[in-house]
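If you want the building blocks of each chain, they are given just below.
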Amino acid sequence: MITLHTLGTGSGKPTPERGVSCTALFRHGEVILFDCGEGTQVQLTRSTLRPGPIKLVCITHFHGDHINGLPGLLGTLQLNQRTEPLTVIGPRGLVTYIRALQKVGALGVGYRLDLIEVEEPGVVYAEPGFTITADRLKHRIVCWGYRLSEPDRPGRFDVARAQALSIPSGPLYGRLQRGEAVQLPDGREVRPEEVLGPSRRGLSVAYCLDTQPCEGTLRLAEGVDLLVHEGTYGPEERKLAHARGHSTMLDAAEMARDAGARELVITHVSPKIMRPEVYLKEVQGTFAPSAIAKDFDSFELKYVE
Ligand SMILES: [Zn+2]
Ligand SMILES: [Zn+2]
């Protein structure tokens, strides 16, 4: 299971109601942060998450409401005596930004900091459990959207079928479960598909802000389990939103619908919108499984067996 936590759902500046951009994915005991606006660590302390398990931070762009919380978070991890490495992914300039902080003495970290600057669309990070893909969004400055994708997992091991084939229990079961063909002591070969059920789909989440509707979002959100998309403005302000490199909540719903996403979470709401819920009906008229996030909402993504 993956749980998505909205730690900051406002745009521009923090208010008593909303922190600025930060969304956390909790996955198998680890935390992946998307953006790190000012106050992210305060929001973390008010959430059920802790900073220790953060292993990866993906920064979309250098506007302050997406990155001003990063130096503080990195410093706190040091105060917490972190020893595990941390990876930060972001636009070109990330290394200069971090080195400048270090040079003036504003940031001392003893743990290993792996910095990845996104140069072009594609896979920017990969480990056996998931990959992170980046694609170009359409904003006023260079801005990258991200998608976390898990690989499909092998199907369930069918013990009854294995016994019917007289496969001795033990290591051969494990190798078949991992997708390997095995040779039995009597010389017969057994292929994994003979004892495994249908493969189980891995989960995927796309994170697209700040942006106006664009092709990059459609690519990242294609068939995704959950799309997190900005909806800075109400539906009536589409022209203004696009002129400023942003989207309306209705744009977000159209992107989710057109990309074939399964669910939509709208975030990055303008502090001028006091009651975003008044737009929900219209948004759901375009894409029914939509939510307009508040800080500290959580959304569970479950594996379809
Ligand atoms: Zn923003
Ligand atoms: Zn921005």
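Structure: see above.
Novice: Now, about the packing of aromatic side chains: what can you tell me, with residues and values included?
Specialist: Across all of its chains, the model carries 5 aromatic pairs by this definition. When the ring of Phe34 is compared with that of Tyr207, the centres are 5.1 Å apart and the planes differ by 25°; the resulting orientation is stacked. Within this pair, whereas Phe34 is found in strand β3 (residues 30-34), its partner Tyr207 is found in strand β12 (residues 204-208), the two being separated by 173 residues in sequence. Note on accessibility: Phe34 and Tyr207 belong to one class, buried. An aromatic cluster is present here, built from Phe34, Tyr146 and Tyr207 joined pairwise through their rings. One Lys or Arg, Arg82, reaches over the ring of Tyr111 and ends 5.7 Å from the middle of that ring.

Novice: Hey, could you go over the coordination of the zinc ion (ligand 2) for me, with residue numbers and the actual values?
Specialist: At 2.1 to 2.3 Å from the zinc ion (ligand 2) lie its protein donor atoms, namely His61 (NE2), His63 (ND1), His139 (NE2) and Asp210 (OD). Here the zinc ion (ligand 2) is ringed by 4 donor atoms whose angles at the metal span 92 to 165°, and the overall shape comes out irregular. Positions of the donor residues of the zinc ion (ligand 2), expressed as sequence spacing, correspond to H-x1-H-x75-H-x70-D. A separation of 3.6 Å is found between the zinc ion (ligand 2) and the zinc ion (ligand 1), which share Asp210 as a coordinating residue. Of this pair, His63 sits in the loop between β4 (54-58) and α2 (64-67) while Asp210 sits in the loop between β12 and α7 (215-220); the two residues are 147 residues apart in sequence, bridging distant segments of the chain. Classification of Asp210 by relative accessible area gives buried; the value is 2%.

Novice: Let's hear about the sheet that holds strand β8 (residues 130-136): which residues, and what values?
Specialist: A sheet is described by the order of its strands in space; here 7 strands give the open sequence β7-β8-β9-β12-β13-β14-β15, paired in mixed fashion. Bordering the open sheet on either side are β7 (122-127) and β15 (290-292), each of which pairs with just one other strand. Geometrically, the sheet is characterised by an average inter-axis angle of 15° between neighbouring strands, direction not taken into account. Bridge count between strand β13 (residues 226-230) and strand β14 (residues 264-267): 4 bridges; the pairing is parallel. From the neighbouring strand, Leu227 faces β14, where its bridge partner is Leu264.

Calculation notes
- Residues numbered from 1 in each chain as written.
- Chains lettered and ligands numbered in written order.
- Predicted model: local features only at pLDDT ≥ 70, side-chain atom pairs only at ≥ 80, totals over all residues.
- Heavy atoms only, no water.
- Phe/Tyr/Trp six-rings, centres within 6.5 Å; stacked < 30°, edge-to-face > 60°.
- Helix = DSSP H or I, 4+ residues; strand = E, 2+ residues; numbered from the N terminus.
- Buried < 20%, exposed > 50% of the residue type's maximum accessible area, 1.4 Å probe, protein only.
- Lys NZ or Arg CZ within 6 Å of the ring centre and 35° of its normal.
- Donors = N, O, S within 2.8 Å, 3.2 Å for Na, K, Ca; no water.
- Tetrahedral: all angles 85-135°; square planar, octahedral: opposite > 155°, others 65-115°.
- Pairing = 2+ DSSP bridges.
- Axes fitted to C-alpha atoms, helices over the stretch in contact; angles between N-to-C directions.

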